[in-house]
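Tertiary structure, described
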Amino acid sequence: MYNKDKGKKGRVAAVVCVLLAVLLVWLVVSAMMPKPKDKSDKTGYKTIVDTMPTPTEKVKKPVDDPLLIIVNKDNKVPSDWDVDLVALSGGNKVNKVAYSNLQKMMDKAREKGFDPIVCSSYRSKHRQRELYNETVEKYIAQGKSRKAAKRAAREWVSIPGTSEHQLGLAVDIVPVENQVLDTAQEFNQTQRWFMKNCYKYGFILRYPDGKKSVTGVEYEPWHYRYVGKKHSKAMKRLGLCLEEYVEYLENN
């Protein structure tokens, strides 16, 4: 005979078993799911969990050292750039931040028996415009059209507002006996000493041979740029020009 009470109890037991099984599965799944993380520590600041970039974002370390500012045909001198100038002998001026190490470098060169001079350093935008126009006119006098003359002038003289000299961090150094700014400077013993040792004083040869595709400027074995000793030594070790070095810092 069928026992109704027994059948009812069996159904209840079955339902309980199903519910327990569902509960067990839920507990297991919950344990495997990542728990929400508190985005703030006790100080109220967001934790690193909240500041990590998404997988589609490129991680970069911004370069904010003003000594590494890049000025070229694509990057003009910032409108708010402030230059604290110090006068050099001969009438030139240089950014105060570079003055001390420039003097030490020049003194050491003279101690070694060389006779260098700074033939150009800080130039205002107005002076840069004068030099650019003078160069354009020189090429026109040689028979070039004005358009061709401007194109030729840009190979050697930066368009006003795009010259490093406006920063006060760039200096053109030549030996007294040869002040012609051409690639023959490379073979002068004075110049070779500066090219070899400038990094010890925080300077770099700004436009090295073979780097025009990167710097956009022809080889200038007389143009030195102050970046500070930490950076100049690193650039020397890595064999990088300024553009390459800044990119290296941004991506490492």
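Since we're looking at a predicted model, the values are computed, not measured.

Topic: the sheet that holds strand 4 (residues 170–175)
Spatially, 3-4-6-5 is the arrangement adopted by the four strands of the open sheet, whose pairing is antiparallel. Each having just a single partner strand, strand 3 (116–120) and strand 5 (203–205) make up the two edges of the open sheet. Each strand of the sheet is rotated relative to its neighbour by a mean of 40 degrees, with strand direction disregarded. Two elements, strand 5 and strand 6 (residues 223–226), share three bridges in a ladder whose sense is antiparallel. Residue pairing for strand 6: Phe 203 is matched across the bridge by Tyr 226.

Some remarks on helix 6 (residues 189–197)
Residues of helix 6 that are buried: Thr 190, Gln 191, Trp 193, Phe 194 and Asn 197. One face of helix 6 carries all of its buried residues, which in axial projection span an arc of 155 degrees. What points out from helix 6, more than 90 degrees from its buried face, is the exposed set Gln 189 and Lys 196. For helix 6, the elements touching its buried residues are helix 3 (96–111), strand 3, strand 4 and strand 6.

Description of helix 8 (residues 229–238)
Taken as a whole, helix 8 has its buried residues at His 231, Ser 232, Ala 234 and Met 235. Down the axis of helix 8, the smallest arc covering the buried residues is 165 degrees, so these residues share one side. The exposed set on the far side of helix 8, more than 90 degrees from its buried face, consists of Lys 230 and Arg 237. For helix 8, the secondary structure elements touched by its buried residues are strand 5 and helix 9 (242–251). At the exit of helix 8 stands Gly 239, carrying a positive phi of roughly 70 degrees.

So, the pattern of salt bridges
Taken as a whole, this structure holds eleven salt bridges when the rule is applied. A salt bridge links Asp 74 to Lys 73; the shortest N-O distance between them is 3.3 Å. Summarising the burial analysis for this pair, Asp 74 and Lys 73 share the class exposed. Glu 134 is paired through a salt bridge with Arg 127; the nearest N and O atoms lie 3.8 Å apart. The class of Arg 127 is partly exposed, set by a relative accessible area of 33%. It is possible to trace a salt-bridge network through shared partners that takes in Glu 164, Arg 206, Arg 225 and Glu 243.

Structural notes on the nonpolar core
In this structure, Leu 102, Met 105, Val 171, Ile 173, Phe 194, Phe 203 and Tyr 224 are the most contacted members of the largest nonpolar core, which totals 25 residues. Counting residues per element, the ones that place at least two in this core are helix 3, strand 4, helix 6, strand 5 and strand 6. The element that contributes the greatest number of residues to this core is helix 3, accounting for five residues. If we skip the residues at most four places from it in the chain, Val 171 touches Val 94, Leu 102, Val 118, Ser 120, Ser 121, His 165, Phe 203, Trp 222, His 223 and Tyr 224. Among the nonpolar cores identified, the runner-up in size contains nine residues, and Leu 68, Ile 70, Met 235 and Val 246 belong to it.

Side note on the confidence of the model for the chain
Confidence in the prediction for the chain averages 83 pLDDT; 75% of positions are at 70 or higher. The low-confidence segment residues 35–60 (pLDDT under 50) makes 14 contacts with residues lying over four places distant or belonging to another chain.

A closer look at the packing of helix 4 (residues 125–141) against helix 5 (residues 146–153)
It is the contact of helix 4 with helix 5, at a shortest axis distance of 8 Å, that shows an interaxial angle of 125 degrees. If you check the angle between helix 4 and helix 5, you find them oblique. Relative to helix 5, helix 4 is oriented so that their crossing is right-handed. Residues Tyr 132, Thr 135, Val 136, Glu 137, Tyr 139 and Ile 140 of helix 4 lie in contact with helix 5, whose contacting residues are Arg 146, Ala 149, Lys 150, Ala 152 and Ala 153. The class makeup of the residues in the contact of helix 4 with helix 5 is seven nonpolar, one polar and three charged.

Definitions and limits used
- Residues numbered from 1 in each chain as written.
- Predicted model: local features only at pLDDT ≥ 70, side-chain atom pairs only at ≥ 80, totals over all residues.
- Heavy atoms only, no water.
- Pairing = 2+ DSSP bridges.
- Helix = DSSP H or I, 4+ residues; strand = E, 2+ residues; numbered from the N terminus.
- Axes fitted to C-alpha atoms, helices over the stretch in contact; angles between N-to-C directions.
- Buried < 20%, exposed > 50% of the residue type's maximum accessible area, 1.4 Å probe, protein only.
- Arc of directions from axis to C-beta.
- Contact = heavy atoms within 4.5 Å.
- Salt bridge = Lys/Arg side-chain N within 4 Å of Asp/Glu carboxyl O.
- Core = buried A, V, L, I, M, F, W, Y, C linked by side-chain atoms within 4.5 Å.
- pLDDT = per-residue confidence, 0-100.
- Parallel < 35°, antiparallel > 145°, perpendicular 65-115°, else oblique.
- Left-handed = near helix turned anticlockwise from the far one by under 90°.
- Nonpolar A, V, L, I, M, F, W, Y, C, P; charged D, E, K, R; others polar.

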